[in-house]
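# Per-entry structural report
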Amino acid sequence: MMESQREPKDEINDAMFDRPRVVIRFRDGIQLADRPDLEDQIEHTGIGPWKKLTEEFPGLKLSPVFTHFKGSDLQELTRRAMEMDPTYKPTNFSAFYYIDAPPETDLVALVKTLLRWNSVRAAYIDQAGPDPVVNAADDPRSVNQGYLDPSPDGIDAEYAWTFVGGDGAGQRFIDLERGWTLNHEDITAHGASLLHGTLLDSSRAHGTSVLGEICAVDNAVGCVGIVPNIASVDVVSYNGSTRPDAIFAAITNLTFGDVLLLEAQVYLNGTTLLGPIEAYDAEYEAIRLATALGIIVVEAGGNGTDNGSTPPLDMDTYTTLAGQAILNRDAANPDFRDSGAIIVTAASSTAPHTRLAYAPHGRRIDCYAWGQNINTLSSDAGGSTTAYTAGFGGTSGASPIITGAALAVQGRAEAQLGFRFSPRQIRAILSDPVMGTPSSATETTQIGVMPNLRNIFDTVFNTAPDIYIRDFVGDTGEPHTGAISASPDIILRPTAVANPQAGFGAGSGTENSATLGSTAEIGQDNYIYVRVLNQGGSPAANVEVTVFWSPVATLVTPDLWTLVGTTTLPNVPIGEQLTVSGAIVWHQADIPGPGHYCFVGLVGNAADPAPGPADFLNWDNFRRFIRENNNVTWRNFNVENNDPDVEDPTVPKGFKALKFLAPGTPDKARYMSLEVIGKLPDGAKAVLEVPLIFYELLHECHQLGMASIDRKRAVALIPVNPHGRMHFGEILFAIKSRTALRLLVQIPERHRKETYQIAVRQMWKCEEVGRVTWQLQLKQASKGMK
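Cut-offs used in this document
- Numbering of residues begins from 1 in every chain and follows the order in which that chain's sequence is written.
- Predicted model: local features are reported for residues with pLDDT of at least 70 only, side-chain atom pairs are reported and counted for 80 or more only, and whole-chain, interface and lining totals are derived from all residues.
- No hydrogens and no water enter the side-chain calculation; it runs on all heavy atoms of the structure.
- Helix and strand definitions here come from DSSP, where helices need a minimum of 4 consecutive H or I residues and strands a minimum of 2 consecutive E residues; each element is numbered from the N-terminal end.
- Exposure classes here rest on a 1.4 Å probe applied to the protein chains alone. A residue is buried below 20% of its type maximum, exposed above 50%, and partly exposed in between.
- Taking the helix axis as origin, the arc is that swept by the directions to the C-beta atoms.
- Salt bridges, as used here, are contacts in which a Lys or Arg side-chain nitrogen is within 4 Å of a carboxyl oxygen on Asp or Glu.
- Two residues qualify as a contact provided that any one of their heavy atoms is within 4.5 Å of a heavy atom in the partner residue.
- Pairs of N or O atoms are called polar contacts if they sit within 3.5 Å, as long as, within protein, a hydrogen donor faces a hydrogen acceptor (for residues adjacent in sequence, only side-chain-to-side-chain pairs).
- Note on ring pairs: Phe, Tyr and Trp rings are taken, using the six-membered ring of Trp, and paired if centres are within 6.5 Å. Classes follow the plane angle, with under 30 degrees stacked, over 60 edge-to-face and the rest tilted.
- For every element, the axis is a line fit to its C-alpha atoms; helices are fit only across the contacting stretch, and the angle between N-to-C directions ranges from 0 to 180 degrees.
- By definition, any crossing whose near helix is turned counterclockwise from its far helix by less than a right angle is left-handed, and any crossing with a clockwise turn is right-handed.
- Gly falls in the polar group here, along with every residue not listed as nonpolar (Ala, Val, Leu, Ile, Met, Phe, Trp, Tyr, Cys, Pro) or charged (Asp, Glu, Lys, Arg).
- Buried Ala, Val, Leu, Ile, Met, Phe, Trp, Tyr and Cys residues form a nonpolar core when they are joined through side-chain atoms within 4.5 Å.
- What makes two strands pair is DSSP finding at least two bridges between them.

### Some points on the overall build of the chain
- Within the chain one finds 15 helices and 34 strands.
- Across the 786 residues that make up the chain, the buried fraction comes to 57%.

### Thoughts on helix α15 (residues 692–701)
- By the burial criterion, the buried members of α15 are L692, F694, Y695 and L698. All buried residues of α15 fall inside an arc of 155° around its axis, so they share one side. Counted as exposed and oriented over 90 degrees from the buried face of α15: I693 and E700.

### Considerations on the pattern of salt bridges
- Across all of its chains, the model carries 30 salt bridges by this definition.
- Across the pair D366 and R364 runs a salt bridge whose closest N-O atoms are separated by 2.9 Å.
- On the basis of relative accessibility, which here comes to 3%, the residue D366 falls in the buried class.
- Between D667 and R670 there is a salt bridge; the shortest N-O distance is 2.5 Å.
- Residue classification places D667 among the partly exposed residues on the basis of a relative accessible area of 33%.
- Judged by its relative accessible area of 10%, R670 falls in the buried class.
- A network of salt bridges, in which partner residues are shared, links E278, R329, D338, R364, D366, R424 and R427.

### A few points about the environment of S513
- With respect to the helices and strands, S513 occurs in the loop between α13 (500–504) and β18 (526–534).
- With 40 residues separating them along the chain, S513 and V473 place their C-alpha atoms 7.6 Å apart.
- With sequence-adjacent residues up to four places away left out, S513 is seen in contact with P488 and R531.
- Within the structure, the side chain of S513 is placed 3.3 Å from the backbone nitrogen of T515, a separation counted as a polar contact.

### Digging into the side chain of R424
- Mapped onto the elements, R424 comes out in helix α11 (residues 423–430).
- In terms of polar contacts, R424 uses its side chain to reach the side chain of D338, at 3.1 Å.

### With respect to the environment of G565
- Structurally, G565 is set in strand β20 (residues 562–572).
- For G565, a relative accessible area of 13% gives the class buried.
- A sequence separation of 17 residues divides G565 from F548, and the C-alpha atoms of the two residues are 7.2 Å apart.
- G565 has contacts with V545, T546, V547 and I584, leaving out every residue within four places of it along the chain.

### What to know about the packing of aromatic side chains
- Per the stated rule, a full pass over the model turns up 15 aromatic pairs.
- Each ring, one from F163 and one from F457, has its centre 5.6 Å from the other, and the planes form 70°; the classification is edge-to-face. Remark: F457 occurs in helix α12 (residues 453–458) and F163 occurs in the loop between α6 (157–160) and β5 (172–177); sequence separation between them is 294 residues.
- Judged by its relative accessible area of 23%, F163 falls in the partly exposed class.

### Considering unusual backbone geometry
- Omega for the peptide link from S151 to P152 comes to 10°, which places this bond in the cis form.
- The topology assignment puts P152 in the loop between β4 (120–126) and α6.
- Of note, the amide linkage connecting A351 to P352 takes the cis form, showing an omega dihedral of -5°.
- One can find P352 in the loop between β12 (342–347) and β13 (367–370).
- In this structure, D156 is a non-glycine residue whose phi angle is positive, near 60°.
- One non-glycine residue, A714, adopts positive backbone phi at about 60°.

### What about the packing of helix α7 (residues 204–215) against helix α10 (residues 394–417)?
- Packing of α7 against α10 brings their axes to within 8 Å, and their N-to-C directions diverge by 35°. When you trace α7 past α10, the crossing you get is right-handed. For the pair α7 and α10, contact is made by H206, V210, E213 and I214 and by S396, G397, P400, I401, T403 and L407, respectively.
- Here the residues of the contact of α7 with α10 are counted per class, giving 5 nonpolar, 4 polar and 1 charged.

### Looking at the nonpolar core
- In this structure, L430, W634 and L743 are the most contacted members of the largest nonpolar core, which totals 114 residues.
- When residues in this core are grouped by element, the largest group, 10 residues, is from α10.
- Among the nonpolar cores identified, the runner-up in size contains 32 residues, and Y238, A249, A279 and I326 belong to it.

### So, the sheet that holds β20
- Sheet architecture is open: 4 strands sit in the order β20-β19-β23-β24, paired in antiparallel fashion. This sheet does not close on itself; its edge strands, each paired only once, are β20 and β24 (632–635). Direction aside, the axes of adjacent strands within the sheet are offset by 20° on average.
- Here 4 bridges tie strand β23 (residues 597–604) to β24, and the two strands are oriented antiparallel to one another. Along β24, the bridge assignment pairs F599 with R635.

### Describing α11
- Across the 8 residues of α11, 7 count as buried, placing the element largely inside the fold.
- All of the buried residues along α11 are P423, R424, Q425, I426, R427, I429 and L430.

### A short note on the sheet that holds β13
- The strand order across the open sheet formed by 7 strands is β6-β7-β5-β8-β11-β12-β13, and the pairing between neighbours is parallel. Of all strands in the sheet, those with a lone pairing partner are β6 (193–196) and β13, marking the two edges. On average, each strand axis in the sheet is tilted by 30° relative to the strand beside it, whichever way the strands run.
- Where β5 meets strand β7 (residues 232–237), 6 bridges bridge the pair, whose relative direction is parallel. Along β7, the bridge assignment pairs D175 with V235.
- Docked against the sheet, α10 engages β5, β8 (259–262), β11 (296–300), β12 and β13, running at close to 125° with respect to β12.

### Section: the pairing of β12
- Burial of β12 is extensive: 6 of the 6 residues sit out of reach of the surface.
- Side chains I342, V344 and A346 project from β12 onto one buried face, and the interleaved I343, T345 and A347 project onto a second face that is buried too.
- Bridging between β11 and β12 involves 3 bridges; their strand directions are parallel. Residue pairing in the sheet places E299 in a bridge with I343 of β12.
- Relative to β13, β12 runs parallel, the two sharing 4 bridges. Opposite A347, over in β13, you have W370 as the bridge partner.

Here it is as structure tokens:
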């Protein structure tokens, strides 16, 4: 069951959510019974004069805001939150209510009236607007904001703006530091408020510059921020307070998926060395609480020293006065403690980017960004509202860039998926070396990557014979980081082809088709044809082609392979002329039972030999062969129909179940991860079903978003991204383990006439080592594997 999932968009009356209305939040201790007579309860229990209110504002109707979790569901959610962190204190979700009113109602007057009630903690107008468009051209300083530009220069915020939510619409963040000019001409429209502490005038320039990078308004003056259309901006100050208290104040004003930026640093061990505030225990525990509650925390790494007398912070070698290496992110280091925050360092503004001399480094650093020449807002101690600067920097300048990237990703996720990512998921996305911009090749310290929003939003990636078989359409035979299990060159047919070269080879018109056949017919012989290219400088003679089959799995190691057969191509000419083998017969008796299967193909000759199955038992060889050896490929491309499973009671209504294995490696246990890559239509849903023991491993090591537990079947159901990437962090895969999982997919009926794809890939140290790809299309009459 998936009780925690939101109802499909098609089933929601969008007009009800789009019209303006008021939200009211009652104070703690106010409790209304879950009955239709909410208005009568307010009047009769003395919570407020509802009758008098409706005399002034006729036609009001009350309804709860939080409806997905009630009774036992809410208790279970609260229990899980407290298990995640013992310091978690439950929130009274039942205190929030919508007030729907007739169109002619003066909602501003209604809010002001409600705020005079002693029982009301907050009231505000909830009103959706049209999709905003960012036009940086009319912000005169935007041409100098290179951090907005495409990679490798910047994070390509300009590209993110072309997508709904990519400009921060609907998102909320809080900045923690000491001073701002909140009525600056380029941010005043956001209506930011100081929620905690007191404002320090001498810090106004710093905080105003930070906010300008993130959310300077898209207007006709000054700059434009990375997420200029963000829904809510507020600040908390540790001036007149403490950093832990300021973090707690922010936590009480943020919810799952919101972002907290920590613009502060601390002296380490009583020296002049400066580092991140989580180096202190109290701050660390406060940050850990925030991430446990689902708040994305971006943390400045600190600007080295204040006088240049000592080297910058090396997080791999730093130890506390007690001798603990708390910042060294080494799997073998028992002292390391992970707050869940994204720690940022500073690099040059010009590409290729190098770490600035004072900036921290080490494995604990997740991302870098510009730390110099940042064009943004400024102010002074008097609160100037028209000042700007072209020289902001440091980790103070780099951290807002990463904050903006996080908010852009969250905005896009909420707009398209209907939910937002957890802190661990956002950190994995922004720090993914495949999707980010690496530092300069000359940079010898570890500073992570700068996020590339284009890659993230697009979901991304000779004299001797050089024989190769393509891993995917577009594979050129060179080492790559693309798909490794969608080869167009292993072709399965139910009947023999008289002239396979004419049908599938050069000049056939099918050279780049990946859909020539992938479903076997049970009860008869089937035929496999393999296409080979030669990018070398001489023809390849006597090329041997060998094909194996395996169960569908994200990691297809040799212990899963079964030999289908071998054939020989007499000659493969140079010039990359697509050459097709004769048939390898998959005999009727050798075809396994109903299901979907993966093919593994090996090609080679004496001059360019193919690896053998035994070579792949060594993990380093396996990785090198699938990425760098073009003599081997996988075809893990399974055809399924779009229609939901109606006969399987374990499959939620309207969903299709796609089964696969997630194996461990054959030589030893390893930490690995899974990533779902969806290319489904608008309105589609996808859920990953995993055994409870597998979910508990994920849950123990990484914070997950929404999930439903079916204890009767001992499985967990985790919503995943149907339109892009969704990464699950590393867990320990036991040696030779074969965990059975299902991907549950729902395609809206109106889209089932088209063809779509979804895939799951297995990762090791951010590197893809295998994947399963399904093609969802109209059901066809066939005797094939169903």
